[in-house]
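# Summary of structural features
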Amino acid sequence: MPSQRQRRVGELIREALSEVLARTQFRDPVLSDVRLTVTEVRPAPDLRSAKVYVMPLGGERAAETIDALQRAAGYLRGEVNRRVRLKFSPTLRFELDRSFENVERIDRLLDPGGGSDD
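What you are looking at is a predicted structure, and each value in this text was computed from that prediction instead of being measured.

Parameters and conventions
Residues numbered from 1 in each chain as written. Predicted model: local features only at pLDDT ≥ 70, side-chain atom pairs only at ≥ 80, totals over all residues. Heavy atoms only, no water. Core = buried A, V, L, I, M, F, W, Y, C linked by side-chain atoms within 4.5 Å. Buried < 20%, exposed > 50% of the residue type's maximum accessible area, 1.4 Å probe, protein only. Helix = DSSP H or I, 4+ residues; strand = E, 2+ residues; numbered from the N terminus. Contact = heavy atoms within 4.5 Å. Arc of directions from axis to C-beta.

### Examining the nonpolar core
Looking at soluble globular proteins, one finds that nonpolar side chains tend to be buried together. Of all hydrophobic cores here, the largest spans 28 residues; its most connected members are Leu 17, Val 52, Leu 76, Leu 92 and Phe 94. Elements that contribute at least two residues to this core include exactly α1 (4–23), α2 (29–32), β1 (36–43), β2 (49–56), α3 (62–71), α4 (73–83) and β3 (91–96). Among the elements that line this core, the one with the most residues is α1, at six residues. If sequence neighbours within four positions are ignored, Val 52 has contacts with Leu 17, Val 38, Glu 40, Val 41, Leu 92, Arg 93, Phe 94 and Glu 95.

Okay, structure coming up:
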């Protein structure tokens, strides 16, 4: 279980990243053409690194988007550091948020009608 401090720092980083991603014009064509939702940030216990879970709008070009975010991670780390004052600027590692897919799969499994509208 993450500590209260980890959750608080994760939320601050999530808000800062959301702002940066919404307002920045990226040179990378993948990032300039995509709308992203930062769903969660999970800092490590020492707060020196963080997993950033993102979902491109519509789930399109997800793998390309994650690769582009990894290429821009240094820049994004600097921008987060300007907005959130921490002792250490965390290394950001981006991952696709698969929780929406998991919820849909569980809903289909639990649906007693098997998905029919009878």
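### Considerations on α4
Side chains three or four residues apart in an α-helix point the same way, a direct result of the helix having 3.6 residues per turn. When α4 is considered as a whole, its buried residues turn out to be Ala 73, Leu 76, Glu 79 and Val 80. The buried side chains of α4 occupy one side of the element, clustering within an arc of 125° when seen end-on. Exposed side chains of α4 directed beyond 90 degrees from the buried face belong to Gly 74 and Arg 82. Here the buried face of α4 lies against α1, α3 and β3.

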